[in-house]
Amino acid sequence: MKAAILGCGAMGTVLGAYLTKNGCPVELVDSYQAHVDALNANGARIVGSADLNVPVKAITPEQMEGMYDVIFLFTKQLANQEVLPRLLPHLREDSTVCTLQNGVPEPFVASYVGKERTVGGTVLWGATFQGPGVSELTQDITKSDHLFEIGEIDGVIGQRIQMVASVLEYMGPVRVSASLMDSRWGKLVNNACMSGMSAVCARTFGEVLDDPVSRACLSYLGREVKRCCEAEGFRLPPLLGMPETPDYLELKDQAMFDESQQKFLEMYDGLRPAKASMLQDLEKGQLTEVNMINGYVCQVGDKHSIDTPFNDKVVEIVSNIEKGKLPLGGTDLMDLFDCALFQYALYQR
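Residues numbered from 1 in each chain as written. Predicted model: local features only at pLDDT ≥ 70, side-chain atom pairs only at ≥ 80, totals over all residues. Heavy atoms only, no water.

K.L.:
Is there a simple way to think about the overall build of the protein in this case?
P.N.:
Within the protein, the secondary structure is distributed over 14 helices and 12 strands. In terms of C-alpha radius of gyration, the protein reaches 20 Å, essentially the compact-globule figure of 20 Å for 349 residues. Summarising its shape, the C-alpha atoms of the protein cover approximately 60 × 40 × 35 Å along the three principal directions. By sequence separation, contacts in the protein at least 24 residues apart represent 69% of the contacts at least 6 residues apart. Element-wise, carbon and sulfur atoms account for 49% of the exposed surface of the protein, whose accessible area totals about 14,100 Å². Side chains of the protein give 30 positive and 45 negative charges; the mean places of these two sets differ by 1 Å. (Helix = DSSP H or I, 4+ residues; strand = E, 2+ residues; numbered from the N terminus. Rg over C-alpha atoms; globule rule 2.2 N^0.38 Å. Contact = heavy atoms within 4.5 Å. Areas by Shrake-Rupley, 256 points an atom, 1.4 Å probe, with all protein chains shown as cover. Lys, Arg positive; Asp, Glu negative; His and termini not counted. Charge placed at Lys NZ, Arg CZ, Asp CG, Glu CD.)

K.L.:
I would appreciate a short explanation of the pairing of strand β3 (residues 44-48) in the present structure.
P.N.:
The side chains of a regular strand alternate, residue by residue, between the two faces of the sheet. Both β3 and strand β4 (residues 52-54) contribute to a ladder of three bridges, which runs antiparallel. Residue A44 lies in a different strand from β4, and its bridge partner there is V54. Here β3 folds back onto β4, and the loop between the two strands holds three residues. Where β3 and strand β10 (residues 134-137) come together, four bridges link them in parallel fashion. The partner of R45 across the bridge, within β10, is V134. (Pairing = 2+ DSSP bridges.)

K.L.:
Sorry if this is basic, but what is going on with helix α2 (residues 33-42) here?
P.N.:
One turn of an α-helix holds 3.6 residues; hence residues three or four places apart share an orientation. Along α2, the residues that are buried comprise H35, V36, A38 and L39. An end-on view of α2 places all buried positions within 165° of arc, on one side of the element. The secondary structure elements touched by the buried residues of α2 are α1 (10-21), β2 (27-29), β3, β5 (57-59) and β9 (127-131). G43 sits one or two residues past α2 and shows a positive phi near 85°. (Buried < 20%, exposed > 50% of the residue type's maximum accessible area, 1.4 Å probe, protein only. Arc of directions from axis to C-beta.)

K.L.:
What should I look at first to understand the side chain of T204 in this one?
P.N.:
Mapped onto the secondary structure, T204 falls in the loop between α6 (180-201) and α7 (205-210). Within polar-contact distance, the side chain of T204 engages the backbone oxygen of R272 at 3.5 Å. Dropping the residues within four chain positions of it, T204 is found in contact with R272, P273 and A274. (Polar contact = N/O pair within 3.5 Å; in protein donor to acceptor, adjacent residues only side chain to side chain.)

K.L.:
Would you take a moment to explain empty space enclosed by the protein for this structure?
P.N.:
With a probe scaled to a water molecule rolled over the atoms, the places where space remains empty come into view. Under the defined criterion, the tally for this structure stands at one cavity of 30 Å³ or more. K226, E230, R235, L236, T245, P246 and D247 are the residues that line the largest cavity. (1 Å grid on protein atoms, 1.4 Å probe; cavity = no way out; pocket = protein on both sides within 12 Å on 5 of 7 lines; lining within 4 Å. Points joined across faces, edges and corners; volume = space filled by probe spheres on them.)

K.L.:
How do you make sense of the pattern of salt bridges when you look at a structure like this?
P.N.:
Following the criterion strictly, the structure yields 18 salt bridges and no others. A salt bridge links R160 to E152, with the shortest nitrogen-to-oxygen separation between them at 2.5 Å. R160 sits in the partly exposed class, given a relative accessible area of 21%. Here D211 ties to R203 by a salt bridge, and the two come within 2.8 Å at their closest N and O atoms. Using a relative accessible area of 19% as the deciding quantity, one classes D211 as buried. On the accessibility criterion, R203 (25% relative accessible area) is partly exposed. (Salt bridge = Lys/Arg side-chain N within 4 Å of Asp/Glu carboxyl O.)

K.L.:
I keep staring at the sheet that holds β2 and nothing clicks. Help me out?
P.N.:
Sheet strands associate in pairs through backbone hydrogen bonding, adopting either a parallel or an antiparallel arrangement. Across the sheet, which stays open at both edges, the eight strands sit in the order β5-β2-β1-β6-β7-β8-β11-β12 with mixed pairing between neighbours. At either end of the open sheet lies a strand with only one pairing partner, and these are β5 and β12 (174-176). The mean inter-strand angle of the sheet, taken between neighbouring strand axes irrespective of direction, is 25°. Looking at chain direction, strand β11 (residues 148-151) and β12 are connected through three bridges and run parallel. Of the residues in β12, the one forming a bridge with F148 is V174. (Axes fitted to C-alpha atoms, helices over the stretch in contact; angles between N-to-C directions.)

K.L.:
Looking at this structure, I do not really get the packing of α6 against helix α8 (residues 212-231). What am I missing?
P.N.:
The relative placement of two packed helices comes down to the angle between their axes together with the axis-to-axis distance. Two elements in contact, α6 and α8, have axes separated by 9 Å at closest approach and are oriented at 145°. Of the two elements, α6 crosses α8, and the hand of that crossing is right-handed. Side by side, α6 and α8 meet where W185, L188, V189, A192, C193, M194, M197 and C201 of the first sit next to S214, C217, L218, L221, G222, V225, C228 and C229 of the second. Partitioning the contact of α6 with α8 into residue classes produces 14 nonpolar, two polar and no charged. (Left-handed = near helix turned anticlockwise from the far one by under 90°. Nonpolar A, V, L, I, M, F, W, Y, C, P; charged D, E, K, R; others polar.)

K.L.:
What should I look at first to understand the sheet that holds β3 in this one?
P.N.:
Taken in spatial order, the four strands make up an open sheet running β4-β3-β10-β9, and their pairing is mixed. Here the strands that pair on one side only, and so sit at the sheet edges, are β4 and β9. Sheet twist, expressed as the average angle between the axes of neighbouring strands with direction ignored, equals 25°.

K.L.:
Sorry if this is basic, but what is going on with the nonpolar core here?
P.N.:
Soluble globular proteins tend to bury their nonpolar side chains together. Judged by nonpolar contacts, the single largest core of 54 residues is most densely connected at M197, V200 and F337. Counting only elements with at least two residues in this core, the list comes to α6, α7, α8, α9 (254-267), α10 (277-283), α11 (294-303), α12 (309-322) and α13 (333-337). Here this core takes 12 residues from α6, the largest share from any one element. (Core = buried A, V, L, I, M, F, W, Y, C linked by side-chain atoms within 4.5 Å.)

K.L.:
How do you make sense of the pairing of strand β7 (residues 91-99) when you look at a structure like this?
P.N.:
In this structure, strand β6 (residues 68-73) lies alongside β7, joined through five bridges in parallel fashion. Residue pairing in the sheet places I71 in a bridge with V97 of β7. In this view, the connection linking β6 to its parallel neighbour β7 by way of helix α3 (residues 80-87) has right-handed handedness. Across three bridges, the pairing between β7 and strand β8 (residues 118-123) is parallel. Each residue of the ladder has a partner; that of T99, found in β8, is G120. (Right-handed = clockwise from strand over helix to strand, strands pointing away.)

Structural data, given as structure tokens:
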């Protein structure tokens, strides 16, 4: 089997290291030449919750040759319009592209490579890029029931999705789901809430949790995601290892709000050192995926006439940081979000 990981930042580097280490040869494909050079010269160095140094094969997209059986897509959605057409010469009719990107990217990926070659999945662990050749694994994956949840867009569980699972299992347990889009929306809660607030505040996940204002925003953001998910005909699954479905995100009363706050504390207890990829992009002066994450919630809200003021505000703040109109961090959250938003949130209960 010929496999590749396209987009080897933090997550792709960690995946490539584990697959290679455990006996599944895979090409790590990335456009960052210094990173590719470091991977080839020194191996993939994984720090944090793991201590690995794995010799790997890394190439740039221009060096891809021949046909691939499976390609794991870890590029940012911002790059999809550029990278997906380049994959077509390397795909047979029975090749598979498995998007592990944030947001809900499957429809867009399928529009380029074909629905018959597109599967998707969510990644249930975190990583932070430290520099060329080095990524930090930000949680102990040995304590996780499963590291990936993957599935077909139409929910069919057949030979193709089982093949993809068998590759990812070289890293750890995989759940094959008949309800991929439910899972996608579940991951979108994590991305829109914690990643959104990490970028807005320029803080680690733990620092977001420790501030009562930013922690309150997590619940309000989550409620908007839940309502948009259900308007699309899907249902949120349990979040990040929690045993129950997140009905507490309805926030109908103070007890539900308090429960939601406690759940976020529990969900992210093992991820406190993590820093959102959107924040890492802002620190590098790069554009983020905020329009594909919080912005996607806003788009669905507009479609169904659902108010999404907190996700609207995250998009506004992050976009203004990108444009240099706001500083990265150091701005009072109550000023950024406006007390009127919190009054609106309380009224909506």
